[in-house]
Amino acid sequence: MSRIVYKIISFTFLCALALGLCASSSVDQQSVKIKSAYLINFVRFISWPESNKERISIGFLGANKLEDYIIKTKSIAEKRARLKINLIHFNEPDSVLNCDILYTENTKYLKKYPELIQYCSDNNILLVTSRTLKFPANSCINFLIVNSKLRFEINHELLKNNNLKASAQLLKLSYKR
C-alpha cells in the first residue's frame, strides 16, 4: 500500500514540477517576445544625431534569449519596422563596435561598465539592459518586472549624454519610480 502512495505522490510532484516549468517557460518566452518588440520599436521613438535611419545595427553583449528570438523573426521585424536590421553579437565589452543599440542582460560585465558606458556615450549608442534588481544608472533603458508586467525605465541623463532623445510618446510609456 505504501508503495502505491509513494508512486502517486511522486507522480503528482513530477506533474506539478512539469506544469511549473511549462508555465515559467511560456512566461519567459512571452517576455522575450515583448522585449523584442520594444527593442525594435525603440528605433522609431529615439532620435539619433544622424536621424532618418533606414538601417539599424543592434548589438548583443553576451548570451541571451532575446538575440536568438530576433534572429528567428528578423524578416518579420524588418517589415514591421520598415528598416533593415543588422544583428551583431559581442562576447566581451571590449569588442563592442559599430552598433546603434547595445543590449545586455548579463551582469558579469559590470566591472567593465564604466568603459562600456563611455564608449556608448562617445558613439551615440542606446544602451539597453534587462535587470530586475535596482535600476542601473548606467543604461539608457532598462527592462524590469513591475506587478508581474514587463516595463521599461528611461535614464534621461544618460540619453542626453549619448546625444539621444526619447519622444514624448516613449516617455509616457516608460515606468517612473
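Here's what I pulled together on the structure shown here. (Residues numbered from 1 in each chain as written. Predicted model: local features only at pLDDT ≥ 70, side-chain atom pairs only at ≥ 80, totals over all residues. Heavy atoms only, no water.)

Quick look at the overall build of the protein chain now. For the protein chain, the helix and strand inventory stands at five helices and eight strands. When the helices and strands of the protein chain are read in sequence order from the N terminus, they spell out α-β-β-α-β-β-α-β-β-β-α-β-α. Put simply, the protein chain has 177 residues, and 41% of those count as buried. Pairs at least 24 apart in sequence give 59% of the contacts found in the protein chain among residues at least 6 apart. Accessible surface, the protein chain as shown: approximately 11000 Å² in total, 56% of it carbon and sulfur. (Helix = DSSP H or I, 4+ residues; strand = E, 2+ residues; numbered from the N terminus. Buried < 20%, exposed > 50% of the residue type's maximum accessible area, 1.4 Å probe, protein only. Contact = heavy atoms within 4.5 Å. Areas by Shrake-Rupley, 256 points an atom, 1.4 Å probe, with all protein chains shown as cover.)

Okay, the pairing of strand S5 (residues 126-130) next. For S5, the tally of buried residues reaches five of five residues, placing the bulk of the element in the interior. On S5, burial covers both faces: Leu 126, Val 128 and Ser 130 on one face and Leu 127 and Thr 129 on the other are all buried. Examined bridge by bridge, strand S4 (residues 101-104) and S5 share four bridges and lie parallel to one another. Along S5, the bridge assignment pairs Leu 102 with Leu 127. Each parallel crossover has a hand, and for S4 linked through helix H3 (residues 113-122) to S5 it is right-handed. Both S5 and strand S6 (residues 141-146) contribute to a ladder of three bridges, which runs parallel. Across the sheet, the residue bridging to Val 128 is Ile 141, located in S6. (Pairing = 2+ DSSP bridges. Right-handed = clockwise from strand over helix to strand, strands pointing away.)

With respect to topology, six strands assemble into an open sheet ordered S3-S2-S4-S5-S6-S7, the strand pairing being mixed. Each edge of the open sheet is held by one strand with a lone partner, namely strand S3 (84-90) and strand S7 (149-154). Strand-to-strand twist of the sheet, defined as the mean angle between neighbouring strand axes without regard to direction, takes the value 25 degrees. Across the sheet, helix H2 (residues 65-81) is in contact with strand S2 (55-61), S3 and S4; its angle to S3 comes to roughly 165 degrees. (Axes fitted to C-alpha atoms, helices over the stretch in contact; angles between N-to-C directions.)

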